[in-house]
Amino acid sequence: MSVLVLVLAVSAACCLGFGFVLQQNAASHAPLSDFLSPRILLDLVRVPRWLGGIGLMVCGMVLGAVALGKGEVSLVEPLLATNLLFALALSRHQTKQPLGRQGWAGLLLLAGGVSAFIVAGQPQGGEAIDDPLRHWLIIGIVVGLALLLTAYAKRSRLSAGPVLLATAAGLLYGLQDALTRVSGQRFGDGGWSELLTGWQPYTVLVLGVTGLILVQSAFETAPLRMSLPALTAAQPLAGIVCGVGFLGDQLRTDAGALAWQAAGLAGVVVGIILLGMHPAMPSGTAEPEHSRDLQPH
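Our subject in this report is the structure included herewith. (Residues numbered from 1 in each chain as written. Predicted model: local features only at pLDDT ≥ 70, side-chain atom pairs only at ≥ 80, totals over all residues. Heavy atoms only, no water.)

1. Remarks on the packing of aromatic side chains
Part 1 of the argument: A complete count under the given rule lists 4 aromatic pairs for this structure.
Part 2 of the argument: Measuring from centroid to centroid gives 5.0 Å for phenylalanine 187 and tryptophan 192, while their planes differ by 70°, and the two rings are edge-to-face.
Part 3 of the argument: Under the relative-accessibility criterion, phenylalanine 187 is labelled partly exposed at 37%. (Phe/Tyr/Trp six-rings, centres within 6.5 Å; stacked < 30°, edge-to-face > 60°. Buried < 20%, exposed > 50% of the residue type's maximum accessible area, 1.4 Å probe, protein only.)

2. Things to note about helix α5 (residues 83-95)
Part 1 of the argument: Taking 1.5 Å per residue, 13 residues should reach 18 Å; α5 reaches 18 Å between its end C-alpha atoms and fits that length.
Part 2 of the argument: Looking only at α5, the buried set comprises Asn83, Leu84, Ala87, Leu88, Leu90 and Ser91. Along the axis of α5, the buried residues cluster in a sector spanning 165°; they form a single face.
Part 3 of the argument: The elements touched by buried residues of α5 are α1 (3-27), α4 (73-80), α6 (100-121), α10 (224-246) and α11 (255-276). (Helix = DSSP H or I, 4+ residues; strand = E, 2+ residues; numbered from the N terminus. Expected span 1.5 Å × (residues − 1). Arc of directions from axis to C-beta. Contact = heavy atoms within 4.5 Å.)

3. Concerning unusual backbone geometry
Part 1 of the argument: Positioned with a positive phi, glutamine 122 is a non-glycine residue whose angle comes to about 45°.
Part 2 of the argument: The partly exposed category is assigned to glutamine 122, whose relative accessible area is 41%.

4. Quick word on a nonpolar patch on the surface
Part 1 of the argument: Among the surface-exposed residues, Phe187, Trp192, Leu196 and Tyr202 lie close enough to one another that they form a single nonpolar patch of about 460 Å² accessible area.
Part 2 of the argument: For the nonpolar patch, the element with the highest residue contribution is helix α8 (residues 161-196), accounting for 3 residues.
Part 3 of the argument: Looking at tryptophan 192, the relative accessible area reads 57%, which means it is exposed. (Patch = residues over 30% accessible without salt bridge, like charges linked within 9 Å, V, L, I, M, F, W, Y side chains within 5 Å. Areas by Shrake-Rupley, 256 points an atom, 1.4 Å probe, with all protein chains shown as cover. Salt bridge = Lys/Arg side-chain N within 4 Å of Asp/Glu carboxyl O.)

Okay, structure coming up:
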């Protein structure tokens, strides 16, 4: 594994984790009438803390894009999932909550799971699969699943809604990461003219804005511990599916390697859940809708 890719991906995870905490701190005060509406971005843009969180997230996405340009999606995505460790670190600083058994268990499972998946799978780049039907089938499944989750979330916005929205956003972000890598390859092959004549960069932009609305709607209606684990778990899974499915990423496929890869991904998911539900994670607010307004924090 390239040390540069490792440093870029972990730095991106750090920016993303810190950014998510600051965004949730601000979004928890947004009016509930903004739920699943672009208005939530117009309201939140007036909050300095949210802008700081967005700035960190943009830095994380840029670093992640550079990492994706130099490494395989199947390698970078598990490393990006460690953003939860940095989110927990900032949350602990804010809440002064000790890590405890749950925190240490989640940390070891997440770090160990990422290591097990990478060591067992040994992700390597390959030739992108030149089959438009396969491309659109995988993209359609990911987007369709995200739309289905969003539709159900709209019906149960204060119960299971935040988890469903965060999962949908994670799926879109995973697809966005895969298309970001394709956009980088097009730019490398032919510069700006090659990049801007393809549909991928515009789809990356649409996925990013849509995912942002979903995430902020999840953040405003529930504590971070309900939404961030689902977001963090769904993104690498979708990214790996896209990487192997149509980008040509190759993983070891012998029985032992597959077993360790499955165990590693399971460890990542369980570790994410344990860390995401840790008491140190921000609990948000429980203010009624009429009393929730956006005051700078």
